[in-house]
Amino acid sequence: MSSEKAEKKLVYDITDLPGVGSATAQKLIEAGYSSLEAIAVATPQELSDVTGLPIPTANKIIKAARELLGFRFKTALELKKERMNVKKITTGSKNLDELLGGGIETKNITEFYGEFGSGKTQLCHQLSVNVQLPEDKGGLEAKAVYIDSEGTFRWERIEAMARGVGLDPDKVMENIYWIRAVNSHHQMAIVEELFDLVKRENIKLVVIDSLTSHFRAEFPGRENLAMRQQLLNKHLHQLMRLAEIFDIAVVITNQVMARPDVFYGDPTQAVGGHVLYHAPGIRVQLKKSRGNKRIARVVDAPHIPEGETIFVITEWGIRDPE
Ligand code: GTP
Ligand code: MG
């Protein structure tokens, strides 16, 4: 592959791998190796078995997939520069922005988890509006994608929140691409298709509200835990790749139930286990407080100090308490 091509292209697929013609690509796809990730983590023996290619050739293909995905040494300075390029979207609450180190980050996944009514969906609505604000007002002057798995998106709330920040409500609504995900398979397919949409449109926020509900409904109980986990990991990996390649903020929600039977440690646990525990990103726990007050707490984020703060949900959206 020429370096010129490498500079122009942002997203690669398996046909970009040297030595993978259409016949080999077809065999790989049929055997389930349809993505660069799948190939990058395969062994030369596996690939050789499904394609009939010699092992050294399979090895070259795997190496090329790893390179395209950026699995290589970086210097600490490169890492620093990458972090300095991260952009932030305001939540509407200065308290919450400060807790998050300035707002919701691009190139990263932010998870809001908490029980029903804790404000997860309201925050998703607010961010879909705020990403459209000019940079000096805490936005990125960009559009949002809203993947709605629970059917709780309300354009009426967007309208009110747009008014609340002084933007034209119709324009704001025009810049939010909403889609209902009907099951987990559909939800993952939507994200895969986003790689095309984000190349054409100035999208800086992708919301999935909720990330986990379809997976929990379709793979219930302990006996399905491994399968559910595997699919969710794949889903998160997809999202992380989207965030990193296109400099997008990915926001996901995850409902957890209060567990009165748990006496030690944290009584709120993710329904069916901590599915996202080892995923990258920033985890923010939301808790109901008095009236419209909500408590946000940052939990084990790699570069943000732990802490908590209070915000409120008003008619006009997310704000600081009076
Ligand atoms: P689940 O999806 O059920 O897990 O809950 P959630 O965390 O998504 O809660 P959500 O964001 O839907 O928060 C619901 C809360 O937001 C309600 O209890 C209200 O307090 C507040 N809220 C929702 N809509 C409005 C509104 O139009 N006006 C005002 N003032 N508050 C609202
Ligand atoms: Mg909700």
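Structure's up top.
Residues numbered from 1 in each chain as written. Chains lettered and ligands numbered in written order. Predicted model: local features only at pLDDT ≥ 70, side-chain atom pairs only at ≥ 80, totals over all residues. Heavy atoms only, no water.

Counting secondary structure elements, the chain contains 13 helices and twelve strands. Across the 322 residues of the chain, 47% fall into the buried class. Long-range pairs, those at least 24 residues apart, make up 63% of the contacts in the chain with a sequence separation of at least 6. Summed over all atoms, the accessible surface of the chain reaches about 16,500 Å², with 54% contributed by carbon and sulfur. (Helix = DSSP H or I, 4+ residues; strand = E, 2+ residues; numbered from the N terminus. Buried < 20%, exposed > 50% of the residue type's maximum accessible area, 1.4 Å probe, protein only. Contact = heavy atoms within 4.5 Å. Areas by Shrake-Rupley, 256 points an atom, 1.4 Å probe, with all protein chains shown as cover.)

We now examine the site of ligand 1. If you check the shell around ligand 1, you find 15 residues, and the closest are Gly117, Lys120, Thr121, Gln122 and Gln255. At 3.2 Å from an oxygen atom of ligand 1 is found a main-chain nitrogen or oxygen belonging to Ser118. Between ligand 1 and the protein, one listed contact pairs an oxygen atom with a side-chain N or O atom of Arg157 at 3.2 Å. For ligand 1, whose unbound accessible area comes to 660 Å², protein coverage reaches 67%. Elements with a minimum of two residues in the shell around ligand 1: helix H8 (120–130) and strand S11 (307–314). In terms of residue count, H8 provides more of the shell around ligand 1 than any other element does, three residues in total. (Near = heavy atom within 4 Å. Polar contact = N/O pair within 3.5 Å; in protein donor to acceptor, adjacent residues only side chain to side chain.)

The next subject is unusual backbone geometry. In this structure, the amide linkage connecting Asp209 to the following residue, Ser210, adopts the cis form with an omega of -5 degrees. Tracing the backbone through its elements, the reader meets Ser210 in the loop between strand S6 (203–209) and helix H12 (213–218). Unusually for a residue other than glycine, Lys107 sits at a positive phi of about 60 degrees. In this structure, Lys107 sits in the loop between strand S2 (104–105) and strand S3 (108–114). With phi around 45 degrees, Glu141 is a residue other than glycine that occupies positive phi space.

Its place among the elements puts Arg297 in strand S10 (residues 293–299). Spatially, the C-alpha atom of Arg297 lies 9.7 Å from that of Phe112, the residues being 185 residues apart in sequence.

All we've got here are geometric facts, nothing functional implied.
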